[in-house]
Amino acid sequence: MAREDTDLATGDLFGPAQLDVSDNDRSELPVVLELVKEYEGRPSDFDDMVAKRFLSDSKNPEDRKGNLRYGLGSNSGYGLVDENFYLTDTGEELYELRDDEEELYERFAKYILLECDGLKLIEIVDDMQAAGETPTLTSIADAFEEQYDIHLHGTTSEVSQMRAWLNKAGVIGTGRDYDIDWSVVEDLIGIDSEGLLELSEVTTEQRAFLKALARIDPDERIPQNIVREIAENAYGVSLNPKSIVKNVLTPLQEDGYIEYVNPSDVSGKANLVIVTDKFEKEVRAPILDNISERTGIPRHILRTSFEDIREQMDADSKHERGLALEVLAVKLGNLLGLDFEGWHIRGRNTGGAEVDVIMDSTDVSFTRWQIQCKNTKKSLRTKHVKEEVGVARMLQTNIILMVARSGVSSDARQFASRIMFRDNLTILFLEGDELMRFDENPAELLNSLRQETRRVGRLKQLTEDDMVEVAEDDERVNREEETLKEYQAVIEEYRGSGEDEEKQEQLTDFSED
């Protein structure tokens, strides 16, 4: 049976579109707040005034007049009045701002974003747009349920009303316009979680080192050179190994973020770094909380090791396999210093077979990454690369990172090479055995990708003669694929299917393609 209640602030009449104030020199919220103040402690009189003021043309004003009070209430509404119909502290604060409507709507929008799940709303919309989807009230309601376990009533009027109030402060458009002005959001609620680091008196290099530490999320002492390498690659800084102790480690230790020790008296040995409680509270926790909110993956799961992820990818439960893929994709992007933008395919929706995540890099220049993790027993083939290239063109992706736990076939690599030679697109591959090393040394991810980028660099240096050969080879492959499609039914008839039904059991055994 469908639920009739809703978990999002609601109120039927409490929305700008439902409040006709055309005969007043004030807009909707100031008018409502002044009515509340006039009738404080007298809810029945307030309802009667609502019927007279806003429902004169309604066919059933007596049935609807209490809905505005309901939307203002603390139980299921926006919490501007208490159970005795007196303004709450937030209501009083807004009432005092009624003569400055710009400030009033900005304060109300901040309250909605931080206290009424408004930030979740705009992040859901942003995720959909990043994935090339058109947001609708129904799809937004579904995302609230799936990502945050927040149930919305079937009418989804709660979303429309919340959008309308946020629109009053310029946060988001209305109607078919779902564009979000993130500069307004940042002005309203302050800097984002990672921006907490901007408040301290640390240098750019020190900040990059701290952020890299948070991305690695170490449980024990870690050599500083691993952190340095990731910081340089993820945030575009240069950390001189000869002066890193003086310019980075010592200041951060004095500020209470880290402690470091030399593991021996051997000259040149990398110092070992361990994080402190202050680092946990002011750096790592906010970053993980931000990622958790954006991805819909609980914070404690984001701290899962690569080894545990590999075990979960072999789980009997499709849900567990799917969640493992999601965590893997986000952890890889996190180590690369990328910011989560949205899901294109979620692992739990594919039975744990594959997942696509869209992540952006904006620290030095804008780069869009498309990370696909494939949990199948067969090696990655040309058709899989072709699918990702199609998505990349739609999303204007710069880099595709494909993680194939069963390896990558030669034909897939050849096809990727042809695409990279012809298009301004980079396609990188990681294979299952490479994931084994990331827990012990997170910088191995960078080393693996460096090998891939060197291969891409050599490819980009091909001559004009090679270009002709590639074009002709591309035409040949296309003809082969068209022929195979035409005779697919005949081919399948002579292919064995028993192998495809085997259950996953080991590192190189995976779910269906």
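An account of the accompanying structure is given in this report. (Residues numbered from 1 in each chain as written. Predicted model: local features only at pLDDT ≥ 70, side-chain atom pairs only at ≥ 80, totals over all residues. Heavy atoms only, no water.)

1. Quick look at the overall build of the chain
Next up, step 1: A tally of regular secondary structure across the chain gives 23 helices and eight strands.
Next up, step 2: Split into buried and exposed, the 513 residues of the chain put 51% on the buried side.
Next up, step 3: Within the structure as shown, the chain displays about 25,200 Å² of accessible surface, and the carbon and sulfur contribution to it stands at 44%. (Helix = DSSP H or I, 4+ residues; strand = E, 2+ residues; numbered from the N terminus. Buried < 20%, exposed > 50% of the residue type's maximum accessible area, 1.4 Å probe, protein only. Areas by Shrake-Rupley, 256 points an atom, 1.4 Å probe, with all protein chains shown as cover.)

2. A closer look at the pattern of salt bridges
Next up, step 1: The tally for this structure, following the rule as stated, stands at 18 salt bridges.
Next up, step 2: A salt bridge links Arg42 to Asp45; the nearest nitrogen and oxygen atoms lie 3.4 Å apart.
Next up, step 3: Owing to a relative accessible area of 38%, Arg42 belongs among the partly exposed residues under this scheme.
Next up, step 4: Under the relative-accessibility criterion, Asp45 is labelled partly exposed at 33%.
Next up, step 5: Arg69 is the salt-bridge partner of Asp47, the closest N and O atoms lying 2.5 Å from each other. You can see Asp47 sitting in helix 2 (residues 43-54) and its partner Arg69 sitting in helix 4 (residues 67-72), a full 22 residues away along the chain.
Next up, step 6: Residue Arg69 is classed as partly exposed on the basis of its relative accessible area, which comes to 30%.
Next up, step 7: Counted as one network, the salt bridges with shared partners bring together Arg26, Glu34, Arg98 and Asp99. (Salt bridge = Lys/Arg side-chain N within 4 Å of Asp/Glu carboxyl O.)

3. Re a negative patch on the surface
Next up, step 1: On the surface, Asp100, Glu102, Glu103, Glu106, Asp181, Glu186 and Asp187 cluster together into a patch of negative charge.
Next up, step 2: Secondary-structure elements contributing two or more residues to the negative patch are helix 6 (101-115) and helix 10 (182-189).
Next up, step 3: Ranked by residues supplied to the negative patch, first place goes to helix 6 with three residues.
Next up, step 4: Among the secondary structure elements, Asp187 is positioned in helix 10. (Patch = residues over 30% accessible without salt bridge, like charges linked within 9 Å, V, L, I, M, F, W, Y side chains within 5 Å. Lys, Arg positive; Asp, Glu negative; His and termini not counted. Charge placed at Lys NZ, Arg CZ, Asp CG, Glu CD.)

4. Some points on the packing of helix 5 (residues 89-96) against helix 6
Next up, step 1: Where helix 5 contacts helix 6, the axes come no closer than 9 Å and their chain directions differ by 160°. If you check the angle between helix 5 and helix 6, you find them roughly antiparallel. Handedness of the crossing formed by helix 5 with helix 6: right-handed. Of the residues in helix 6, those touching helix 5 at Thr90, Glu93 and Leu94 are Leu104, Arg107, Phe108 and Tyr111. (Axes fitted to C-alpha atoms, helices over the stretch in contact; angles between N-to-C directions. Parallel < 35°, antiparallel > 145°, perpendicular 65-115°, else oblique. Left-handed = near helix turned anticlockwise from the far one by under 90°. Contact = heavy atoms within 4.5 Å.)

5. What to know about the sheet that holds strand 1 (residues 222-223)
Next up, step 1: Read from one edge to the other, the open sheet built from three strands follows the order 1-3-2, with strand pairing classed as antiparallel. At either margin of the open sheet sits one strand with a lone partner, and together these are strand 1 and strand 2 (258-261).
Next up, step 2: Note that strand 2 and strand 3 (residues 272-275) share four bridges and pair antiparallel. Bridge pairing in strand 3 places Tyr260 opposite Val273.
Next up, step 3: Taken strand by strand, helix 13 (residues 244-254) contacts strand 2 and strand 3, and its axis lies near 125° from that of strand 2. (Pairing = 2+ DSSP bridges.)

6. Thoughts on helix 5
Next up, step 1: Of the residues making up helix 5, those classed as buried are Thr90, Gly91, Leu94 and Tyr95. Angularly, the buried residues of helix 5 cover 140° about the axis, an arc narrow enough to put them on a single face. Pointing more than 90 degrees away from the buried face of helix 5 are the exposed residues Asp89 and Glu96.
Next up, step 2: Residues of helix 5 that are buried sit in contact with helix 1 (28-38) and helix 6. (Arc of directions from axis to C-beta.)

7. Here's the deal with the packing of aromatic side chains
Next up, step 1: The tally for this structure, following the rule as stated, stands at eight aromatic pairs.
Next up, step 2: With centroids separated by 6.3 Å and ring planes inclined at 20°, the aromatic side chains of Tyr105 and Trp165 adopt a geometry described as stacked. Taken together, the residues span a long stretch of sequence, with Tyr105 in helix 6 and Trp165 in helix 9 (residues 157-167) at a distance of 60 residues. Here the two residues Tyr105 and Trp165 agree in accessibility, since each one is buried.
Next up, step 3: Look at Phe108 and Tyr111: their rings are 6.4 Å apart centre to centre, the planes differ by 15°, and that puts the pair in the stacked class. With Phe108 and Tyr111 both in helix 6 and three residues apart, the pair spans about one turn of that helix.
Next up, step 4: A network of ring pairs unites the aromatic residues Phe14, Tyr78, Tyr105, Phe108, Tyr111 and Trp165 as a single cluster.
Next up, step 5: Directly above the aromatic system of Tyr95 lies the positively charged group of Lys37, at a separation of 5.3 Å from the ring centroid. (Phe/Tyr/Trp six-rings, centres within 6.5 Å; stacked < 30°, edge-to-face > 60°. Lys NZ or Arg CZ within 6 Å of the ring centre and 35° of its normal.)

8. As for the sheet that holds strand 7 (residues 399-404)
Neighbouring strands of a sheet are bound in pairs by backbone hydrogen bonds; such pairs are parallel or else antiparallel.
Next up, step 1: Here five strands make up an open sheet; going across it, the order is 4-5-6-7-8 and the pairing mixed. With one partner strand each, in any of the chains shown, strand 4 (339-345) and strand 8 (426-431) form the two edges of the open sheet. When strand polarity is set aside, the average angle formed by the axes of neighbouring strands in this sheet is 20°.
Next up, step 2: Relative to strand 5 (residues 354-361), strand 4 is paired through five bridges, and the arrangement is antiparallel. Of the residues in strand 5, the one forming a bridge with Phe340 is Met359.

9. Quick word on the side chain of Arg98
Next up, step 1: Its location among the elements puts Arg98 in the loop between helix 5 and helix 6.
Next up, step 2: Within polar-contact distance, the side chain of Arg98 engages the backbone oxygen of Tyr95 at 3.0 Å.
Next up, step 3: Once residues lying within four places of it in the same chain are set aside, the contact partners of Arg98 are Arg26, Pro30, Glu34 and Leu104. (Polar contact = N/O pair within 3.5 Å; in protein donor to acceptor, adjacent residues only side chain to side chain.)

10. Some words on helix 6
Next up, step 1: The first and last C-alpha atoms of helix 6 sit 20 Å apart over 15 residues, in line with the 21 Å expected at 1.5 Å per residue.
Next up, step 2: Among all positions of helix 6, only Leu104, Tyr105, Phe108, Ala109, Tyr111, Ile112 and Leu113 are buried.
Next up, step 3: Phi turns positive, to about 65°, at Asp117, one or two residues after helix 6. (Expected span 1.5 Å × (residues − 1).)

11. Points about the nonpolar core
Next up, step 1: With 83 residues, the main nonpolar core has Phe209, Leu213, Leu328, Val385, Leu401 and Ile427 as its most contacted residues.
Next up, step 2: No other element matches the nine residues that helix 17 (residues 318-335) contributes to this core.
Next up, step 3: The contact partners of Leu328, leaving out residues within four places of it in the chain, are Phe306, Ile309, Met313, Cys373, Val403 and Leu435.
Next up, step 4: Membership of the second largest hydrophobic core comes to 59 residues, among which are Leu8, Ile140, Leu166 and Leu188. (Core = buried A, V, L, I, M, F, W, Y, C linked by side-chain atoms within 4.5 Å.)

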